[in-house]
Amino acid sequence: MSDTRNDMKLYTVCIEMVCVIDEIHDGICSQNDFIVQQKLSQVLKIIQSEVQQILSVNNEEEQQLWMDVLAQLLSAQEQEDYSRIDDDVYKLKNMIIGIIFRYQQCGIHEPIEEEKLATISDDYILFDSQMGKYALKVHTKTCDHQLCSSYDPYEEGMQIARTAYQQAVKTDIYGIKQLHIVGLGLGYHVLALSKYADISDIFVYETDRNIIQIALTVQPELNENTKVHIVEDEKLECFSRVIDKNENIFIYRPAIKTIKNLQLRNILQNYYMKTSGMYYQNGILRYNFSRNVQLQSSNVEILKKHFTGNWCILIAGGPSLDEQIEELRKIQCSKAPVILIAVGTVLKKLIHNQIYPDYVVITDAKEGMIRQIQDIDTKKCKTNLLYLSTAAWEVSYAWKGEKYIIYQKDFEPAESIGTHLLVETGGSVSTTAFDLCLQFDCKGIIAVGLDLAFYQNHSHASDTAGQRNVTDTGIYVESVTGEQIMTSRNLLSYKEWIEYRIQKRSAQELKIRLINSSKGALISGMENISLSEILGQIIKE
């Protein structure tokens, strides 16, 4: 092969065919027969016009394979056998990628105006994907972050666009019209979204002007597409103005890793984790909500008077809880003036050790949460249940003792109830309980078992669901002793959420002492004091 005009033309044609084949596969998956037939005819027409050039770059065996696959494809098209069409275009795609690869080995690439990228830092690495379209990765201090697939970014873009569209359809019953996206990448997902007829405008918020320049150079159609509006938004200030007003918001996950501002990156990561979970669980959440409100349980806000001015021990399920059991039992026996509030994960463990918390909090919407209270006589148990409005309904219905419902922010059915107290959940039962205690104006909050890390390489306290040994996750944070301790992305996000919640406390909440008696991750804004020491201080008060 030589770098001739015909070679460049065929290389570009091959890339075009792979993109059209991706659209055929997408049409088959969505059972859109019109698109399948239209795009199949387009591929066959391209092959017919370029057949001599295509055959010339293949040996005799490969030429015969081309002829056989085309014959099978034409037969499948005539019989409207879409499963066979999908199989045959997949074979065709692999043969085309073989041609693309050979051209790439000869130094042929998709043509772009390279002079427009002359000022771009070497940290931005543009390279050929296996199907010929460009891919991009960004070098950071820790590693390289890829912004799209290195195999087939075009197909990946279509799949991401379908997810974004389906989310928007579920949240906007009046028609989508506008969609707001954080993260441009190379724009494959944006261009794919622009093909949906009922989307009139796509606003893309990108923090990195270099990525914008690269994307516009690689894909000039981003500039030409009247639906697409790219906003350079270094601090996401423009995005923040629409986030509370528009439900049609989609976070392009690969873009999160390239945000240089650590605080901004963490906020967006937490928002992504919360909203992506909400979308996939939306049906479950709404069903649980409808069942839970039918119970007409008292609103948790009526308990505020019991908490205000009192110390509260928040018992979470981290592994260091095992070392606090004896101290907690002493508290129970001494009748010290503290309120015990535990997460559902540890309820059985506590009761087994003759520790009866005043309250237990359950927030998870998943089926199977009933296991947390099985074999507990909830009628005789003096523990009160505090359950999130979207928590698994089986738990609230099975609980025979006192129970109170918690309504949360950022869930429209709960917000519409009109309650004065809306809890910020933070994504976990521990963060929910922490926010509740803050809003209840406790005198102080003492966290036990709130490790937010794998203390002694364990995931949870013993005798709790999910307890396991943990191998190296590659993610470490500072511990309460100043050493590095292993954690996970989820636990890290909860730690960052708690720290953020501490920073934005109200004037009244600033009066609350925050004590971390756990032995895991350091939580900024909390005092590190052992449980026995802080209890000694409380008794002397």
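Read on for a plain summary of the structure. Just so you know, the residues in each chain are numbered from 1, in the order the chain's sequence is written. Confidence filtering applies because this is a predicted model: local features only for residues at pLDDT of at least 70, side-chain atom pairs given and counted only at 80 or more, and all residues used for totals across whole chains, interfaces and linings. In computing side-chain properties, one takes all heavy atoms of the structure into account and sets aside hydrogens as well as water.

Structurally, Asn528 is set in strand E18 (residues 527-528). Along the backbone, Asn528 and Leu184 are 344 residues apart, and their C-alpha atoms lie at a distance of 42 Å. By definition, any uninterrupted DSSP run of H or I lasting at least four residues is a helix, any uninterrupted run of E lasting at least two residues is a strand, and each is numbered from the N terminus.

The subject of this paragraph is the nonpolar core. What we call a nonpolar core is a set of buried Ala, Val, Leu, Ile, Met, Phe, Trp, Tyr and Cys residues that are connected through their side-chain atoms within 4.5 Å. Buried, partly exposed and exposed residues are distinguished by accessible area as a fraction of the type maximum, computed with a 1.4 Å probe on protein chains only: under 20%, between the cut-offs, and over 50%, respectively. Grouped together as the largest cluster of nonpolar side chains are 92 residues, with contacts concentrated most on Ile313, Leu328 and Leu386. Contact between two residues is taken to exist if any of their heavy atoms lie within 4.5 Å; hydrogens are not considered. Beyond its immediate stretch of four places on either side in the chain, Leu386 contacts Val300, Leu303, Ile341, Tyr359, Val360, Val361, Ile362, Tyr404, Ile406 and Leu436. The next biggest cluster of nonpolar side chains, apart from the first, holds 78 residues, and it includes Val89, Tyr154, Ile199 and Ala255.

The next subject is the side chain of Asp22. Within the secondary structure, Asp22 is located in helix H1 (residues 5-29). Judged by relative accessible area, which is 2%, Asp22 ranks as buried. In this structure, Asp22 is in contact with Lys93, Asp152, Tyr154, Glu155 and Met158, ignoring residues within four places of it in sequence.

For helices, the fitted axis covers only the stretch in contact; all axes are lines through C-alpha atoms, and the angles between them, taken along N-to-C directions, range from 0 to 180 degrees. At a minimum axis distance of 9 Å, the contact between H1 and helix H4 (residues 82-105) shows a crossing angle of 155°. Comparing the axis directions of H1 and H4 gives the class roughly antiparallel. When you trace H1 past H4, the crossing you get is left-handed. Where H1 approaches H4, its residues Asp7, Leu10, Tyr11, Cys14, Ile15, Met17, Val18, Ile21, Asp22, Ile24, His25 and Ile28 are matched on the opposing element by Tyr82, Ile85, Asp86, Val89, Leu92, Lys93, Ile96, Ile97, Ile99, Ile100, Tyr103 and Gln104. Any residue that is not Ala, Val, Leu, Ile, Met, Phe, Trp, Tyr, Cys, Pro, Asp, Glu, Lys or Arg is counted as polar, Gly included; the first ten are nonpolar and the last four charged. For the contact of H1 with H4, the class distribution of residues is 18 nonpolar, two polar and four charged. What sets the label is the angle itself: under 35 degrees gives roughly parallel, over 145 gives roughly antiparallel, 65 to 115 gives roughly perpendicular, and the rest give oblique. A clockwise turn of the near helix away from the far one marks a right-handed crossing, whereas an anticlockwise turn of less than a right angle marks a left-handed crossing.

Let us now look at helix H17 (residues 429-439). Judged by how many residues are buried, H17 sits mostly within the fold: 11 of 11 residues are covered. Pairing of N or O atoms within 3.5 Å defines a polar contact, subject to two protein rules: one partner must be a possible hydrogen donor and the other a possible acceptor, and residues neighboring in sequence count only if both atoms are side-chain atoms. In this structure Ser428 caps H17, since a side-chain oxygen of it lies 3.4 Å from the backbone nitrogen of Ser430. One or two steps after H17, the chain reaches Asp441, where phi turns positive at roughly 60°.

Attention now goes to the pattern of salt bridges. Criterion for a salt bridge: a side-chain nitrogen of Lys or Arg within 4 Å of a carboxyl oxygen of Asp or Glu. Counted under the stated rule, the structure contains 24 salt bridges. The salt bridge involving Glu326 is made with Arg329; its shortest N-O contact spans 2.4 Å. Of the two residues, Glu326 and Arg329 are both situated in helix H13 (residues 325-334); the distance of three residues between them amounts to about one turn of the helix. For Glu326, a relative accessible area of 47% translates into the label partly exposed. In this structure, Lys409 and Glu424 form a salt bridge, with 3.5 Å as the shortest nitrogen-oxygen distance. One end of the pair, Lys409, is in the loop between strand E13 (403-406) and helix H16 (412-415); the other, Glu424, is in the loop between H16 and H17, with 15 residues separating them in the sequence. Owing to a relative accessible area of 16%, Glu424 belongs among the buried residues under this scheme.

A strand pair is defined by DSSP finding two or more bridges across the two strands. Reading across from one edge, E6-E5-E4-E7 is the order of the four strands in this open sheet, with parallel pairing throughout. A single partner strand is all that each edge strand has here, and the edge strands are strand E6 (228-232) and strand E7 (249-251). Along the sheet, successive strands turn relative to each other by an average axial angle of 20°, direction set aside. Examined bridge by bridge, strand E5 (residues 199-206) and E6 share five bridges and lie parallel to one another. Its bridge partner being in E6, Ile202 is matched across the sheet by Val228.

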